[in-house]
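What follows is the residue order along each chain.
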Amino acid sequence: MAAGFSVKDALNKNSKAGIDESPRARFRTKDISIFKMYRNDMNFYSVEQVEELAGDILMYGLKQNLELVYAPCEKGEYRIVAGERRWEALKYLVSKGYKEFELATSKLTTPQDDDEEQVEIIIANAYRTKTVSDMIEEETRLKASLERMKAAGKKIKGYDLQSGRLREVISSMLHMSKTKVAQIEAVNNNLIPEWKEELKGERLTFSAAYELSGMTEDEQREALGKFTETGELTHKDVKDMKAEKAAGQQVSESDTEAEIGMNPPETKAGDDYETPHPEGITSICYSCTEYETCNVKTGTCISCDQYKNRTEAYKTDEQRYSEEQDAIDRETKKKLREMEQEEKTKNLPSDATGEIKSIRVSKEKFEEYTGEHRKPYMITKDDGFKVGNVVKLVVFAAGKATGETADMRITCKDDDITCSGLTDGWCVIGLVAEKEE
């Protein structure tokens, strides 16, 4: 696949009789009333921060077309393929008296089958900020649609659906590592319904859910009982439970051996007794390639002169290559980001030193970050923020600044380089109130 390939522009719709829908720079548009549009039942993404988006549109106008398909029904005339959040923001503006936002210039596409349309909806939302529930649902739906398209012999330009590697296609479409896709599949396939509900309600972290998916259903329900009692279950809690379970099994094995008596079983010819070389209190034997054949394995090992990591040893050449490429991609993105930031710094005017960047927030968000029980972290677009910078939170309502502000200092920062859960151009920053001198 060529570098820079855009899947969204490459959906192959040539099967539409006599219609040429090959990718191009021009497309058909029409000014359409927002009241003739209706939401797409296949759009499962959460719609948030509509008022903030409405404020942006009020100030700068609609920067990106809505994408519609003409499909009249009792709900309206045009079904939304991409831009539902923009549509909600436009309706909000009109409800507030800004009637000039009723007509929206929209891109019109030809009708597609459900699977093609579902794929296009997911691709259109590839770069948005998503909840864990969104990510799990989109992977599930995308995989199901691609499997049906593959079975029907359909194609997507740039991808061979018959290659048997749908995980790579999903990874590329969602701009997500193959490891992350595999983790989502594990959660989808193995997590019991009760835990899926907790994850959907954001009462359980994804990392904890992934650890739980590696446990049996009975073990998961046992963990659910502890969660119900305490109201919290972290990734570390699950790992500790699994370690305790593994240690208990090892103790049981040791008890069985003790029942045999002092005389050990006969060994095969050529076997020699070895002085136990492991030492420690937490076993690593279970992840060793020699676990099945080792005659000195214990449940209390943290160091061993013959340890060979099973996961690392059994990696395929494809997995190793993929990891190497991922590492190269991360390093390249990091260097490009640093070069871009350095270039911006060089071009700053001399009087810009010490400039305080502004972050626009709603009144509700402002109180969340400055109130008594304030949130310590914020997800926002990366404006070149650095640890130690002072940023100004500015309250906007109905597209206008209210005059309320607060200076906050950045204590830490994660971006898409350091955190796989973030998309390019977004970051998480830690904030504390800036003390007056």
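Residues numbered from 1 in each chain as written. Predicted model: local features only at pLDDT ≥ 70, side-chain atom pairs only at ≥ 80, totals over all residues. Heavy atoms only, no water.

In the nomenclature of an unreviewed UniProt entry, the chain is known as ParB N-terminal domain-containing protein of Lachnospira intestinalis.

1. What to know about the overall build of the chain
What counts, and what does not: Numbering of helices and strands starts at the N terminus; helices are DSSP runs of H or I of at least 4 residues and strands are runs of E of at least 2. Only protein chains enter the accessibility calculation, which uses a 1.4 Å probe. A residue is then buried if its area is under 20% of the maximum for its type, exposed if over 50%, and partly exposed in between. Contacts: residue pairs with any heavy atoms within 4.5 Å of one another. Only the protein chains shown count as covering a residue, and every accessible area follows the Shrake-Rupley method with a 1.4 Å probe.
Tallying secondary structure elements over the chain gives 13 helices and 10 strands in all. Scored against the burial criterion, the 437 residues of the chain give a buried share of 34%. Pairs at least 24 residues apart make up 63% of the contacts formed inside the chain by residues separated by at least 6 positions. When the accessible surface of the chain is split by element, carbon and sulfur atoms take 50% of a total near 26,900 Å².

2. Notes on the sheet that holds strand 5 (residues 103–109)
Paired through their backbone hydrogen bonds, the strands of a sheet run either parallel or antiparallel. Heads up, the rule is: Only strands joined by at least two bridges in the DSSP assignment are considered to pair. Each axis is a line fitted through C-alpha atoms, taken for helices only over the stretch in contact, and angles between the N-to-C directions span 0 to 180 degrees.
In spatial order, the strands read 1-5-3-4-2; together these five strands make up an open sheet with mixed pairing. Sheet topology places strand 1 (29–33) and strand 2 (37–38) at the edges, where each strand pairs with a single neighbour. Relative to strand 4 (residues 76–82), helix 2 (residues 84–95) is tilted by about 125°, and along the sheet it contacts strand 2, strand 3 (66–73), strand 4 and strand 5.

3. Notes on the packing of helix 1 (residues 50–60) against helix 2
What counts is decided by this rule: Here the angle decides the label: under 35 degrees means roughly parallel, over 145 means roughly antiparallel, 65 to 115 means roughly perpendicular, and every other value means oblique. Residues are grouped as follows: Ala, Val, Leu, Ile, Met, Phe, Trp, Tyr, Cys and Pro are nonpolar; Asp, Glu, Lys and Arg are charged; every other residue, Gly included, is polar.
Axis separation between helix 1 and helix 2 bottoms out at 8 Å; the angle between their running directions is 75°. Considering their axes alone, helix 1 and helix 2 lie roughly perpendicular with respect to each other. Across the interface between the two elements, Val-50, Glu-51, Leu-53, Ala-54, Ile-57 and Leu-58 of helix 1 pack against Arg-85, Arg-86, Glu-88, Ala-89, Leu-90, Tyr-92 and Leu-93 of helix 2. Residues of the contact of helix 1 with helix 2, tallied by class, amount to nine nonpolar, no polar and four charged.

4. Comments concerning the nonpolar core
General note: in soluble globular proteins, nonpolar side chains tend to be found buried as a group. Rules: Side-chain atoms within 4.5 Å link the members of a nonpolar core, which is a set of buried Ala, Val, Leu, Ile, Met, Phe, Trp, Tyr and Cys residues.
Core analysis: the largest hydrophobic core is formed by 42 residues, its most contacted members being Leu-146, Met-173, Trp-195 and Leu-212. For this core, the elements supplying multiple residues, two or more each, are helix 3 (114–124), helix 4 (132–151), helix 5 (166–174), helix 6 (178–190), helix 7 (193–200), helix 8 (206–213), helix 9 (217–230) and helix 10 (235–260). Sequence-distant contacts of Leu-146, that is, excluding residues within four places in its chain, are made with Val-119, Ile-156, Leu-161, Leu-166, Val-169, Ile-170 and Met-173. The next biggest cluster of nonpolar side chains, apart from the first, holds 19 residues, and it includes Ile-34, Val-50, Leu-66 and Ala-104.

5. Focus on empty space enclosed by the protein
Formally: Definitions used for this entry: grid spacing 1 Å over protein atoms alone; cavity, a set of points where a 1.4 Å probe fits but cannot get out; pocket, an open set with protein on both sides within 12 Å along at least 5 of 7 lines; lining residue, one with an atom within 4 Å of a point. Grid points are joined across faces, edges and corners, and a volume is the space filled by probe spheres set on the points.
The tally for this structure, following the rule as stated, stands at one cavity of 30 Å³ or more. Taken as a whole, the largest cavity holds about 30 Å³ of empty space. Lining the largest cavity we find Glu-51, Ala-54, Gly-55, Tyr-92, Leu-93, Lys-96, Tyr-98, Ala-398 and Gly-399. For the lining of the largest cavity, the leading source of residues is helix 1, giving three residues. Its residues assigned to classes, the lining of the largest cavity shows five nonpolar, two polar and two charged.

6. Here's the deal with the environment of Met-215
By the element assignment, Met-215 lies in the loop between helix 8 and helix 9. According to the relative accessible area criterion, Met-215 is buried, its value standing at 10%. A sequence separation of 26 residues divides Met-215 from Met-241, and the C-alpha atoms of the two residues are 10.0 Å apart. The contacts of Met-215, once residues within four sequence positions are left out, are Gln-220, Val-238, Met-241 and Lys-242.

7. As for the packing of aromatic side chains
Here is the rule: Pairing of aromatic side chains here covers Phe, Tyr and the six-membered ring of Trp, requires ring centres within 6.5 Å, and sorts the geometry by plane angle: under 30 degrees stacked, over 60 edge-to-face, intermediate tilted. In this scheme, Lys NZ or Arg CZ marks a charge over a ring once it lies within 6 Å of the ring centre and within 35 degrees of the ring normal.
Applying the stated rule across the entire model yields one aromatic pair. Directly above the aromatic system of Phe-396 lies the positively charged group of Arg-360, at a separation of 4.9 Å from the ring centroid.

8. A short note on the pattern of salt bridges
Selection criterion: A pair is scored as a salt bridge if a Lys or Arg side-chain nitrogen falls within 4 Å of a carboxyl oxygen belonging to Asp or Glu.
Taken as a whole, this structure holds 20 salt bridges when the rule is applied. The salt bridge involving Arg-167 is made with Glu-185; its shortest N-O contact spans 2.7 Å. Placement of Arg-167 in helix 5 and of Glu-185 in helix 6 is noted, with a sequence separation of 18 residues between them. You can call Arg-167 partly exposed: its relative accessible area is 38%. Owing to a relative accessible area of 10%, Glu-185 belongs among the buried residues under this scheme. Taken together, the shared-partner salt bridges connect Arg-39, Asp-41, Lys-75 and Glu-84 into one network.

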